[in-house]
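One letter stands for each residue in the lines below.
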Amino acid sequence: MTLGSVGRGTVNENIEVVGNVDDGVEFFGGSVDASNLLVWAQGDEGVDIDQAYSGTVSNSMVILGLESEHGLEIDGPEGSYEAQVTLNNITLQGDVTTPKGEYADYRSYAMGQSNNVYAYDFQDSSDVELDNDDVAINYNSGKLTFGVWEIVLPDGVTDVKDIFVNKAENVEVTGFGDNALAVDKGSQSVGANVSDFDWTYAKSMGAF
């Protein structure tokens, strides 16, 4: 599902996308809020933010499949207009069989807040990354912030902060991943309320 410059007068909730080839739900600009989104086994990103989208995505879940790449891909503006996305209460379920599955990629001047994210069943090579210098600069300036993330550590990972990786070539960052906590599966206090997805095909098929 693609939303291009959709405004807040639109109701965007209780939506399931299953097994599509590209992104699950993508936002190109606009300010529409979205809640109760579930994406399962997409071929690219689960939720993709781009072109200065400024709404709030809340109580939503991405379940990776064999062909999936990132649970979240967050891009920023591509012109002079700046706007920040807000992500609240997001659950990311990985897939240890996919060769590509990652938690999240923040890139291209990404800005906004990512709060109360719960993630589990990812591989030891999966990461949450700052992709380049531009996004690292926004992180350092406070335009890109991270609230609490609770992560079930994959086998072989002993420090949750190792999951948070700065890949900028020329910009150092400090404190990236400081708000992340390692938790046991099922003991999380953040993330989506999965009982709100009992109506979905993914639930009926035992995907979560």
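Our structure is the block above this text.
As a starting point, this report considers the structure included with it. Computed from a predicted model, the values in this text were never measured in an experiment. (Residues numbered from 1 in each chain as written. Predicted model: local features only at pLDDT ≥ 70, side-chain atom pairs only at ≥ 80, totals over all residues. Heavy atoms only, no water.)

Section: the overall build of the protein
Inference 1: For the protein, the count of helices and strands is two helices and 15 strands.
Inference 2: Here the protein has a C-alpha radius of gyration of 16 Å; the compact-globule value for 208 residues is 17 Å, and the two agree.
Inference 3: When its C-alpha atoms are laid out on the principal axes, the protein stretches across 45 × 45 × 30 Å.
Inference 4: When each of the 208 residues of the protein is scored for burial, the buried share is 54%.
Inference 5: At a minimum sequence separation of 6, the contacts of the protein that also span at least 24 residues come to 70%.
Inference 6: Just so you have it, the protein exposes about 8900 Å², and 45% of that area is on carbon and sulfur atoms.
Inference 7: Side chains of the protein carry 8 positive and 36 negative charges; the gap between the two charge centres is 3 Å. (Helix = DSSP H or I, 4+ residues; strand = E, 2+ residues; numbered from the N terminus. Rg over C-alpha atoms; globule rule 2.2 N^0.38 Å. Buried < 20%, exposed > 50% of the residue type's maximum accessible area, 1.4 Å probe, protein only. Contact = heavy atoms within 4.5 Å. Areas by Shrake-Rupley, 256 points an atom, 1.4 Å probe, with all protein chains shown as cover. Lys, Arg positive; Asp, Glu negative; His and termini not counted. Charge placed at Lys NZ, Arg CZ, Asp CG, Glu CD.)

Let's talk about the nonpolar core
Note that soluble globular proteins tend to have their nonpolar side chains buried in a common cluster.
Inference 1: Counting residues in hydrophobic clusters, the biggest one holds 47 residues, and the most contacted among them are F27, Y106, V128 and W149.
Inference 2: Counting residues per element, this core draws most heavily on strand 8 (residues 85–93), which supplies four residues.
Inference 3: Residues in contact with Y106, not counting those within four places in the same chain, are L72, I74, L87, S114, V128, E129, L130, D131, V135, L144, F146 and W149.
Inference 4: Membership of the second largest hydrophobic core comes to 12 residues, among which are L38, Y120, V152 and V183. (Core = buried A, V, L, I, M, F, W, Y, C linked by side-chain atoms within 4.5 Å.)

What about unusual backbone geometry?
Leaving glycine aside, a negative phi is the common case for residues, and trans is the common case for peptide bonds.
Inference 1: Phi angles above zero are rare outside glycine, and N14 is one such case at about 55°.
Inference 2: By the element assignment, N14 lies in strand 2 (residues 13–18).
Inference 3: What makes N14 partly exposed here is its relative accessible area of 39%.
Inference 4: The phi dihedral of D121 falls on the positive side, at around 65°, and the residue is not glycine.

As for the pairing of strand 8
Inference 1: Of all nine residues making up strand 8, seven are buried, and the element is well covered by its neighbours.
Inference 2: Across seven bridges, strand 6 (residues 56–63) lies against strand 8 in parallel orientation. Across the sheet, the residue bridging to V57 is L87, located in strand 8.
Inference 3: Bridge count between strand 8 and strand 10 (residues 112–120): eight bridges; the pairing is parallel. (Pairing = 2+ DSSP bridges.)

Quick word on the packing of aromatic side chains
Inference 1: Summed over the entire model, instances satisfying the criterion amount to 11 aromatic pairs.
Inference 2: Ring centres of Y106 and F146 lie 4.8 Å apart, and the angle between their planes is 70°; on these two criteria the pair is classed as edge-to-face. Of the two residues, Y106 sits in strand 9 (residues 102–106) while F146 sits in strand 12 (residues 144–146), which places them 40 residues apart along the sequence.
Inference 3: Since its relative accessible area comes to 1%, Y106 is described here as buried.
Inference 4: For F146, a relative accessible area of 11% translates into the label buried. (Phe/Tyr/Trp six-rings, centres within 6.5 Å; stacked < 30°, edge-to-face > 60°.)

Points about helix 1 (residues 133–141)
Inference 1: Inspection of helix 1 places D133, V135, A136, N138 and Y139 among the buried residues, and these make up the whole buried set.
Inference 2: Of the residues flanking the start of helix 1, the one acting as N-cap is N132, its side-chain oxygen 3.3 Å from the backbone nitrogen of D134.
Inference 3: Just past helix 1, the residue G142 takes up positive phi, approximately 90°. (Polar contact = N/O pair within 3.5 Å; in protein donor to acceptor, adjacent residues only side chain to side chain.)

A closer look at the sheet that holds strand 14 (residues 164–166)
Inference 1: The strand order across the open sheet formed by seven strands is 1-3-5-7-9-11-14, and the pairing between neighbours is parallel. Sheet topology places strand 1 (2–4) and strand 14 at the edges, where each strand pairs with a single neighbour. Mean inter-strand twist for the sheet, computed between neighbouring axes without regard to direction, equals 10°.
Inference 2: Here three bridges tie strand 5 (residues 47–50) to strand 7 (residues 70–74), and the two strands are oriented parallel to one another. Looking at strand 7, one finds that I49 is bridged to I74. (Axes fitted to C-alpha atoms, helices over the stretch in contact; angles between N-to-C directions.)

Some words on the pattern of salt bridges
Inference 1: This model, assessed by the stated rule, comprises 10 salt bridges.
Inference 2: In this structure, E67 and K100 form a salt bridge, with 3.9 Å as the shortest nitrogen-oxygen distance. Residue E67 is found in the loop between strand 6 and strand 7, and its partner K100 is found in the loop between strand 8 and strand 9; the two are separated by 33 residues along the sequence.
Inference 3: Overall, the relative accessible area of 46% leaves E67 in the partly exposed class.
Inference 4: K143 is the partner of E82 in a salt bridge, and the nearest nitrogen-oxygen pair spans 3.2 Å. (Salt bridge = Lys/Arg side-chain N within 4 Å of Asp/Glu carboxyl O.)

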